[in-house]
Amino acid sequence: MPNAKDTKVFEKFVLIGGTGTGKTTQFLTFPGRKYAYIFEPAALSTISGYDVEYDTFFPGADEADIGAHTVLKGKSQTFDISGVEPKVYLDWCEDINAKWKNGFFSSFDAILIDSLTLLGKHCLARTQWLQRKAKREDERTDYRIAGERLANVALQLATLPCVVLMTVHHEYKKNDTTSRLENRLTIPGSARLIIPRTVSNI
């Protein structure tokens, strides 16, 4: 039976804040060998010149879904540009699973996910693309599915034997029922509730 006095705890953090508030910079203060998953291009300016190993996951030119489209009506939508497949989230899943299998993270003291907001956006984009292929009835299910996937990501990261820091943006949004302004994490679905419960510090 484990005893808490002998347990080594690796802290997990979610840093919440607006653009330019120092979330990424905070990661640079952690000691030891550091690795970062970068989803925000601006983060490269912050870590430039520091001893941080990293991989970037940005959409390629062929993934830029910049065409206009209609809202879902019945089971159909009209798109100016069709067939754009978002692959950032898929590529990242394949990468992190391979690293996990090979024990890549065991050699690092601190891991950064920057940011959950953009990772969630890529997850949602992938979900919406798959859901359109499946001709889903209700577009709202896209957010639920993406939220569940992102929550599972955080649960997986919580088991890493090192410090993990995840950044996320926030927004003030009016509650349609109470008319009160709420400070909400800008991530989809149930991830807003689950992810804060996977970390030791917010």
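A brief report on the enclosed structure follows. Because the structure is predicted, anything quoted here is derived from the model rather than measured.

Thoughts on the pairing of strand S6 (residues 170–174)
Inspection of the sheet shows S6 paired to strand S7 (residues 181–185) by five bridges, in the antiparallel sense. In the sheet register, Glu171 faces S7, and the bridge partner there is Arg184.

Section: the pairing of strand S1 (residues 12–16)
Most of S1 sits inside the fold, with four of its five residues counted as buried. Bridge count for S1 against strand S5 (residues 163–168) is five bridges, and the pairing is parallel. Directly across from Val14, in S5, lies its bridge partner Met166.

Quick look at the side chain of Lys23
Looking at where Lys23 falls in the secondary structure, it is placed in helix H1 (residues 23–27). Buried charged residue Lys23 carries no salt bridge. Nearest counter-charge: Glu40, at 6.3 Å. A distance of 3.3 Å separates the side chain of Lys23 from the backbone oxygen of Gly17, its partner in a polar contact.

Comments concerning the layout of surface pockets
Space inside the second largest pocket adds up to approximately 220 Å³. Lining the second largest pocket are 14 residues, with Gly20, Lys23, Thr24, Glu40 and Thr46 positioned closest to its centre. Of all elements in the fold, only H1 and helix H2 (43–47) reach the threshold of two or more residues within the lining of the second largest pocket. Of all the elements, H1 adds the most residues to the lining of the second largest pocket, at three residues. Each residue belonging to the lining of the second largest pocket can be placed in one class, and the counts come to two nonpolar, nine polar and three charged.

Observations concerning the sheet that holds strand S3 (residues 52–56)
Strand pairing in a sheet takes place through backbone hydrogen bonds and is either antiparallel or parallel in direction. Read across the open sheet, the five strands follow the order S1-S5-S4-S2-S3; overall the sheet is parallel. The open sheet has two edge strands with one neighbour each: S1 and S3. Taken over all neighbouring pairs, the strand axes of this sheet differ in orientation by 15° on average, direction set aside. Relative to S3, strand S2 (residues 34–38) runs parallel, the two sharing five bridges. Each bridged residue has a counterpart across the sheet, and for Tyr35 the counterpart in S3 is Glu53. Sheet strands in contact with helix H3 (residues 88–101) are S2 and S3, and its direction is about 160° off that of S2.

Focus: the environment of Gly147
You can see Gly147 is positioned in helix H5 (residues 140–157). Along the primary structure Gly147 and Leu124 are separated by 23 residues, whereas in three dimensions their C-alpha atoms are 8.1 Å apart. The contacts of Gly147, once residues within four sequence positions are left out, are Pro188, Gly189, Ser190 and Ala191.

Section: the pattern of salt bridges
Side chains bearing opposite charge may pair, as long as their charged atoms lie close to each other. Enumeration according to the criterion identifies five salt bridges in this entry. Residues joined in a network through salt bridges with shared partners are Asp55, Asp95 and Lys99.

Let's talk about the nonpolar core
Grouped together as the largest cluster of nonpolar side chains are 32 residues, with contacts concentrated most on Tyr37, Trp92, Leu116 and Leu119. At the level of elements, S2, H3, strand S4 (110–114), helix H4 (116–133), H5 and S5 are the ones that each hand at least two residues to this core. For this core, the element with the most residues is H5, which contributes five residues. Not counting chain neighbours up to four residues away, the residues in contact with Leu119 comprise Phe39, Tyr89, Trp92, Ile113, Leu150 and Val153. The next biggest cluster of nonpolar side chains, apart from the first, holds 14 residues, and it includes Phe27, Leu28, Ile38 and Ile47.

Rules of the game
The residue numbering used here restarts from 1 in each chain and proceeds along that chain's sequence as written. Given that the model is predicted, a residue must reach a pLDDT of at least 70 before its local features are reported, and side-chain atom pairs must reach 80 or more before they are shown or counted; all residues, however, enter totals for whole chains, interfaces and linings. Heavy atoms from the whole structure form the basis of all side-chain values; hydrogens and water molecules are not counted. Two strands pair under a simple rule: DSSP has to find at least two bridges between them. Each helix is a run of DSSP H or I of at least 4 residues and each strand a run of E of at least 2, with the numbering of both proceeding from the N terminus. Partly exposed describes any residue whose relative accessible area lies between the buried limit of under 20% and the exposed limit of over 50%, with all areas from a 1.4 Å probe on protein chains only and scaled to the type maximum. When charges are counted, Lys and Arg are positive and Asp and Glu negative, with His and the chain ends excluded. A carboxyl oxygen of Asp or Glu within 4 Å of a side-chain nitrogen of Lys or Arg is what we treat as a salt bridge. Each polar contact in these results corresponds to two N or O atoms within 3.5 Å; when the atoms are within protein, one needs to be able to donate a hydrogen and the other to accept it, and residues that are neighboring in sequence are counted only if both atoms are side-chain atoms. Note on definitions: the grid is 1 Å and covers protein atoms alone; a cavity is a set of points where a 1.4 Å probe fits but cannot get out; a pocket is an open set with protein on both sides within 12 Å along at least five of seven lines; lining residues have an atom within 4 Å of a point. Grid points are joined across faces, edges and corners, and a volume is the space filled by probe spheres set on the points. Residues are grouped as follows: nonpolar covers Ala, Val, Leu, Ile, Met, Phe, Trp, Tyr, Cys and Pro; charged covers Asp, Glu, Lys and Arg; every other residue, Gly included, is treated as polar. The axes are straight lines fitted to the C-alpha atoms, using for helices just the contacting stretch, and the angles between their N-to-C directions are given from 0 to 180°. Residue contacts are counted whenever heavy atoms from the two residues lie within 4.5 Å of one another. We define the nonpolar core as a collection of buried residues of types Ala, Val, Leu, Ile, Met, Phe, Trp, Tyr and Cys that are connected through side-chain atoms lying within 4.5 Å of one another.

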